[in-house]
Amino acid sequence: MKCKKCSAELEVHRMCRRIRMRCTGCKQEYQIHEVAGDLDEKTEKLLENYTALIYD
Ligand SMILES: [Zn+2]
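Remember, it's a predicted structure, so these values are computed and weren't measured experimentally.

*Asks:* Explain the sheet that holds strand 3 (residues 29-31) to me, please; I cannot follow it from the model alone.
*Replies:* Neighbouring strands of a sheet are bound in pairs by backbone hydrogen bonds; such pairs are parallel or else antiparallel. With antiparallel pairing, three strands are arranged side by side in an open sheet as 1-2-3. Strands at the two margins of the open sheet, each flanked by one partner only, are strand 1 (10-15) and strand 3. Between one strand axis and the next, the sheet turns through 35° on average, direction left out of account. The pairing of strand 1 with strand 2 (residues 18-23) spans six bridges and is classified as antiparallel. When the sheet's bridge partners are listed, arginine 14 is paired in strand 2 with isoleucine 19.

As structure tokens, then:
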């Protein structure tokens, strides 16, 4: 999925037990709930690997 600011690709970024989406362009980090409405299929599949983690 794309960054809202610069349209670069977002990647899943794991920090301890927390997950963020981080932009590969501007390095903006998004909490999952901020982008939940915009998750694409590929990203949802990635996040399925982290279901034990806390989405805060
Ligand atoms: Zn960006």
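Moving on, there is more to tell.
*Asks:* Sorry if this is basic, but what is going on with the environment of arginine 17 here?
*Replies:* For arginine 17, the position within the fold is in the loop between strand 1 and strand 2. The class of arginine 17 is exposed, set by 10 C-beta atoms lying within 10 Å. Taking the C-alpha atoms as reference points, arginine 17 and tyrosine 50, separated by 33 residues in sequence, lie 9.1 Å from one another.

*Asks:* Is there a simple way to explain the confidence of the model for the protein in this structure?
*Replies:* Should the pLDDT be low somewhere, the predicted coordinates at that spot are not to be read in detail. When the pLDDT values of the protein are averaged, the result is 87; 89% of them are 70 or greater. In the model of the protein, helix 2 (residues 41-48) stands out as the element of lowest mean pLDDT, 89, in contrast to strand 3, which has the highest, 94.

*Asks:* Explain unusual backbone geometry here, please?
*Replies:* A negative phi angle is the norm for most residues apart from glycine, just as the trans form is the norm for most peptide bonds. The phi dihedral of serine 7 is positive, around 70°, even though this residue is not glycine. Along the chain, serine 7 turns up in the segment before strand 1. Its identity as a non-glycine residue notwithstanding, lysine 27 has a phi of 70°, on the positive side. Within the secondary structure layout, lysine 27 lies in the loop between strand 2 and strand 3. A count of 11 C-beta atoms within 10 Å places lysine 27 in the exposed class.

Calculation criteria
Residues numbered from 1 in each chain as written. Predicted model: local features only at pLDDT ≥ 70, side-chain atom pairs only at ≥ 80, totals over all residues. Pairing = 2+ DSSP bridges. Helix = DSSP H or I, 4+ residues; strand = E, 2+ residues; numbered from the N terminus. Axes fitted to C-alpha atoms, helices over the stretch in contact; angles between N-to-C directions. Buried ≥ 20, exposed ≤ 12 C-beta atoms within 10 Å, placed from the backbone. pLDDT = per-residue confidence, 0-100.

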